[in-house]
Amino acid sequence: MRGPLGAVIGRYPSSDGVTQMGGIIRHNRKCRDIPVLVFFIAFWVAMIVNSSFGFNQGNPLRLTYGLDYKGNVCGDKHAHPGLSELGLRYWQNPNQVYQSGLKDSQFKLADARSICLSECPIPSEDSLSWVCDYPEGDIRLSMKDWINRNFDYFEFLTPEMRNSSLQLQGPCYPVIFPSVNVYWSCQFIARASNTSLKHWQQMGGVNINEDMVIDRSIHNSINSRSAVLKRYMADIGKAWPVLIVCGGILPLFLSVIWLMMIRHFVAAMPWITVVLFNVLTISVTMFYYLKAGWIGNDAISPIIGEHDPYISVYGRELTHIQAVTILMTFIMAVAILTSIAIVRRILMATSVLKVAAKVIGEVQALIIFPLIPYGILAVFYMFWISAALHLFSSGQVVQNNCNSNCCTYDLIAKRVNCDRCCGYSIHYTPHIGVAILFHLFGCYWATQFFIACSSTVIAGSVASYYWAHGETSPEISFISVFSSMKRLMRYSLGSVALGSLIVSFVESIRFPLEAIRRKLKSSSHEPDNWFGKAAYQSSQCFLRCIEWTIKSVNRNAYIMIAITGKSFFSASSIATELIMNNILKIGRLNVIGDVILFLGKLCVSLSCALFSFLMLDTHKYNSAHNKTSSPLFPVVVCWALGYIVATLFFAVVEMSIDTIVLSFCQDSEEHQGTAQYAPPLLMETLSNQNEMQRLTQGP
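Residues numbered from 1 in each chain as written. Predicted model: local features only at pLDDT ≥ 70, side-chain atom pairs only at ≥ 80, totals over all residues. Heavy atoms only, no water.

### What about a nonpolar patch on the surface?
Moving on, step 1. Residues Ile282, Met286, Trp294, Ile295, Ile326, Ile336, Leu337 and Ile340 make up a contiguous nonpolar surface patch of roughly 730 Å² in combined accessible area.
Moving on, step 2. Looking at the nonpolar patch, the elements with two or more residues in it are α9 (269-292) and α10 (316-341).
Moving on, step 3. Inspection of the secondary structure assignment puts Leu337 in helix α10.
Moving on, step 4. What makes Leu337 exposed here is its relative accessible area of 59%. (Patch = residues over 30% accessible without salt bridge, like charges linked within 9 Å, V, L, I, M, F, W, Y side chains within 5 Å. Areas by Shrake-Rupley, 256 points an atom, 1.4 Å probe, with all protein chains shown as cover. Salt bridge = Lys/Arg side-chain N within 4 Å of Asp/Glu carboxyl O. Helix = DSSP H or I, 4+ residues; strand = E, 2+ residues; numbered from the N terminus. Buried < 20%, exposed > 50% of the residue type's maximum accessible area, 1.4 Å probe, protein only.)

### Here's the deal with the state of the cysteines
Moving on, step 1. With the rule as written, the count across this model stands at 4 disulfides.
Moving on, step 2. Here Cys407 connects covalently by a disulfide to Cys418, the sulfurs 1.8 Å from one another. The sign of the S-S torsion, about 115°, decides the handedness of the disulfide formed by Cys407 and Cys418: right-handed. With a gap of 11 residues between them, Cys407 in the loop between β9 (396-399) and β10 (408-410) and Cys418 in the loop between β11 (415-417) and β12 (424-427) connect regions that are remote in the sequence.
Moving on, step 3. Looking at Cys418, the relative accessible area reads 44%, which means it is partly exposed.
Moving on, step 4. The thiol of Cys608 is unpaired, and the distance to the nearest cysteine sulfur, on Cys246, comes to 6.7 Å.
Moving on, step 5. Residue class for Cys608 comes out buried when judged on its relative accessible area of 0%. (Disulfide = S-S within 2.5 Å.)

### Here's the deal with the packing of aromatic side chains
Aromatic rings in a pair are described by how distant their centres are and how their planes are angled relative to each other.
Moving on, step 1. Applying the stated criterion to the full structure yields 32 aromatic pairs.
Moving on, step 2. Seen from their ring centres, Tyr65 and Trp184 are 6.1 Å apart, and the 85° between their planes marks the pair as edge-to-face. Here the residue Tyr65 occupies a position in the loop between α1 (34-57) and β3 (88-91), and Trp184 occupies one in the loop between β7 (179-182) and β8 (185-188), the gap between them amounting to 119 residues. Residues Tyr65 and Trp184 agree in their burial class; the two are buried.
Moving on, step 3. Among the aromatic residues, ring-to-ring pairing joins Phe39, Phe40, Phe43, Trp44, Phe380, Tyr381, Phe438, Phe441, Trp445, Phe449 and Phe450 into one connected group.
Moving on, step 4. Seen from the ring of Tyr69, Arg113 lies directly overhead, with NZ or CZ sitting 3.5 Å from the centre. (Phe/Tyr/Trp six-rings, centres within 6.5 Å; stacked < 30°, edge-to-face > 60°. Lys NZ or Arg CZ within 6 Å of the ring centre and 35° of its normal.)

### Observations regarding the pairing of β7
Moving on, step 1. A two-sided burial pattern is seen for β7, the buried positions comprising Ser179 and Asn181 on one face and Val180 and Val182 on the other.
Moving on, step 2. Of the pairings in the sheet, the one linking β7 to β8 comprises 4 bridges and is antiparallel in character. Note on β8: the bridge partner recorded for Asn181 is Cys186.
Moving on, step 3. Linkage of β7 to β8, two consecutive antiparallel strands, is achieved through a turn of 2 residues, within which Tyr183 is found at a positive phi near 50°. (Pairing = 2+ DSSP bridges.)

Written out as structure tokens, the structure reads:
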């Protein structure tokens, strides 16, 4: 049986006889869950080592640009030759592109001859244009002169070189097909230039295949799942100013404003939150409709820069935008219906928020305390995102093993070379995938850990306020917050690490289960009878219920850790027993307050998503090298960052309510139904029987 909390909380005489107020006795505390803390420290060391591997092996340019025939990344200034101004990959030999698109062909597009250019070549209207290899050997041109000549030095070729070029073996290749810049690769348009083809045939060039295959080959490569995933990750790197503004600064500002309004306009805040939530949901949904092309003509396009308006190229990103648009439409409908359903409970939410408003008014340092975990998380996320970009782009550039005909003229050897002329690819080993998964899990655990630490500090500060009869020092209003931080750092980091690990582990289980479900579906083993489908849906619902329960238990466990200094499981047991004994008293009280706070977090995060849409819709992110492939991923990341920041600040209100309620219930139990420690400002809300009856039974 747990002992009364009055034995460890309240006023205590110190060794010098001076009474201490609002603190938690220190000599009853000791370090808890030390093995978990040691494991957490080891985990951070592993995170640093894992990130170091990414920084050493990765190159974020690979997420955007392709490789040339030498294995260089287009746009890389450190390549040989330097390619800082040459970011577009262009396949020189049209017959190789054609062969790679044939069904059951052994020739792959990765083995086709490709170089890096600054713009996609267009056939000449009155003659034949050429695109030649990088100048070297007997071709005495600098890279700058080669670029200024539109990559053409055909007139400088020897007869042997010209004959080789007419056989499509280089070093120069004819520009027969128009091309357009599609995600920094020159996409062939399957309509040959009649003028260029006529000149080519008159010069005695070999037959060049014409078919839609030449279009599909490059298109399929650009739209592969791995290519799309790389572009999404590259979008994060390009849109980092958007992440800083809409994922960091804006949610900080909005969260502080929301807390200040809770402090001064508590009666109006539930109504404002509900209305604003619906307006923002509708606004974000309309932006998705615009980018999906279902409203107006602002649909995302894979083509970069100016192009023929009659050319239409389809990208997989548009499908993803359309799918999310449908999802947002469903969420919008549910949000509106839910808002209508909770209108009758708004008054209850107002009474609940009054509790937190009174605490924030007395312990004003709680409003600015979340700036500390916010700053720590901001530094962590900058490091984590940079490491993630390097991990996703890690791998070894190796030459392919191919048996196909890829002979080409070697300017150094001065002859046609058929040995080791295959293209280059990035080789990914299984441990890279494990490193990425580990990095993702580390981000989630670290986020949960810092949020849990913030919640525990707030709970300890509010508990000190409650058990000191609501007395605080007007000269040092932040003393209880600093004292709570000190207790956390000295005694309870292991307990908080254990609680955050449990939440992270349960959350992570969902991903392998979803992967198994998709694998079974693709292999036609998905249950097709009603019992199998019902079992699957029930398991998903059960897992979500467990996840919600664990998060709820953890939050109350953090409160009891802050109050009692117990280990995580002991604190969870105390909190659960206390809640079960008072479930009728506090059940509905907490639920409606949590709903309004959840809507408040969504208001902040949706505002971040809306502003990120506006920033990404500017010219900077719609053209040239900074063009994002889709606003989807940066918007989702801004939404997630906004929600995390809002969670840090809204925890002041959440933990204040929960701590006061649990402390009030414990106080009432210890003193036969009459709370002795509740300060006067809180007694009028929580001790009044009519108020409590209205809160628990509804209007």
